[in-house]
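# Overview (structure and organization)
Chain residues, written in single-letter form:
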Amino acid sequence: MPVHLPEPIPDIDLLAADEESSTLLIAELKLVRKPLRPAEIGRSSAEVLKGVAQLADIRKFLEASPEHLRRLGRLPRRVDAYEHVYYMVAARDHWCWTESGGAAMVTFEALAETLRSEGSLRDNLEALLRSEWLPLEGRDFYVPYDADSVIECSI
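Before going into details, it helps to say that this report is about the structure given with it. (Residues numbered from 1 in each chain as written. Predicted model: local features only at pLDDT ≥ 70, side-chain atom pairs only at ≥ 80, totals over all residues. Heavy atoms only, no water.)

## Thoughts on the overall build of the chain
Definition in use: Segments assigned H or I by DSSP are reported as helices when at least four residues long, segments assigned E as strands when at least two residues long, and all are numbered from the N terminus. Note on classification: 1.4 Å probe, protein chains only; a residue is buried when its accessible area is under 20% of the maximum for its type, exposed when over 50%, partly exposed between these limits. Methods summary: accessible areas were calculated by the Shrake-Rupley approach with a probe of 1.4 Å, and residue burial reflects only the protein chains presented.
A count of helices and strands for the chain gives 4 helices and 4 strands. Counting only residues that meet the buried cut, the chain has 39% of its 155 residues in that class. Here the chain has roughly 9,900 Å² of accessible surface; of this, 53% comes from carbon and sulfur atoms.

## A word on the nonpolar core
Put simply, the rule reads: What we call a nonpolar core is a set of buried Ala, Val, Leu, Ile, Met, Phe, Trp, Tyr and Cys residues that are connected through their side-chain atoms within 4.5 Å. We call two residues in contact when some of their heavy atoms are within 4.5 Å.
In this structure, Leu5, Ile12, Leu15, Ile26, Leu62 and Leu69 are the most contacted members of the largest nonpolar core, which totals 23 residues. Put simply, the parts of the chain that give this core at least two residues each are strand E2 (23–31), helix H1 (41–64) and strand E3 (84–92). The element that contributes the greatest number of residues to this core is H1, accounting for 6 residues. With near-sequence residues (within four places) excluded, Leu15 lies in contact with Val3, Leu24, Leu25, Ile26, Leu69, Arg74 and Leu75. One finds Leu25, Ala27, Leu111 and Leu121 within the second-largest nonpolar core, a separate group that totals 13 residues.

## Examining helix H3 (residues 108–116)
Quick note on the threshold: Directions from the helix axis toward the C-beta atoms define the arc.
Among all positions in H3, only Ala110, Leu111 and Thr114 are buried. When H3 is viewed along its axis, its buried side chains cluster within an angular range of 95 degrees and face the same direction. In the core, the buried residues of H3 are packed alongside strand E1 (14–18), E2, E3, strand E4 (104–107) and helix H4 (121–129).

## Some details on the sheet that holds E3
Sheets are built from strands that pair by backbone hydrogen bonding, the pairs being arranged parallel or antiparallel. Test applied: Two strands pair if DSSP finds at least two bridges between them. Note on definitions: angles span 0 to 180 degrees between N-to-C directions of axes, and those axes are lines fitted to C-alpha atoms, for helices only across the stretch in contact.
Strand order in the open sheet formed by 4 strands is E1-E2-E3-E4, and the pairing between neighbours is mixed. The two strands at the open ends of the sheet, each matched to only one other strand, are E1 and E4. Across the sheet, the mean angle from the axis of one strand to that of its neighbour is 30 degrees, orientation sign disregarded. Pairing geometry for E1 and E2, over 5 bridges, is antiparallel. Each residue of the ladder has a partner; that of Leu15, found in E2, is Ile26.

## Some remarks on the packing of H3 against H4
The angle between the axes and the distance between the axes are what describe a pair of packed helices. Applied cut-off: Roughly parallel refers to an angle under 35 degrees, roughly antiparallel to one over 145, roughly perpendicular to one between 65 and 115, and oblique to any angle outside these ranges. Left-handed is the label given to a crossing in which the near helix is rotated counterclockwise from the far helix by less than a right angle, and right-handed is the label when the rotation is clockwise. In this count, Pro and Cys sit with the nonpolar residues alongside Ala, Val, Leu, Ile, Met, Phe, Trp and Tyr, while Asp, Glu, Lys and Arg are called charged and the others, Gly among them, polar.
For the pair H3 and H4, interaxial distance at closest approach is 9 Å and the crossing angle is 150 degrees. Considering their axes alone, H3 and H4 lie roughly antiparallel with respect to each other. Considering the relative orientation of H3 and H4, their crossing is right-handed. Of H4, the residues touching H3 (which contributes Ala110, Leu111, Thr114 and Leu115) are Leu121, Asn124, Leu125 and Leu128. When its residues are assigned to classes, the contact of H3 with H4 shows 6 nonpolar, 2 polar and no charged.

## Side note on H4
Buried within H4 we find Leu121, Asn124, Leu125 and Leu128. Buried residues along H4 cover an arc of 95 degrees about the axis, so they all sit on one side. With its phi angle positive at about 65 degrees, Ser131 sits one or two positions after the end of H4.

The following block contains the structure:
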């Protein structure tokens, strides 16, 4: 259930707190339709990057009004009272890299798995930020090198 913020600030799509580890997660979820053609990649990337801009607006608002989420009853304390505050954009079916200025870009599936994991929210988010969820050749997939293969081309 989203957390509504005053207009024109976008809503927070996902808010999670772990009081024991003094950790707060604020996330924008982008459930983007998978690009079917190369021409659609730009549209999908723009939608994901919109989440980065929305998160920047949310962060700016919460830094100026750290009491807001406590007043709404969504958190037991002020945002600035948490030792570890993570801002993330989680995208489904399309992921793009950006230097997002303080926000992490992860896949929706990786974040969902992280939130289901045992342990503290802080430890789980730190593991997610180490990018171990990204596919790794030799662990998640293999690229065969076969010198006997011939690709036939005709012009």
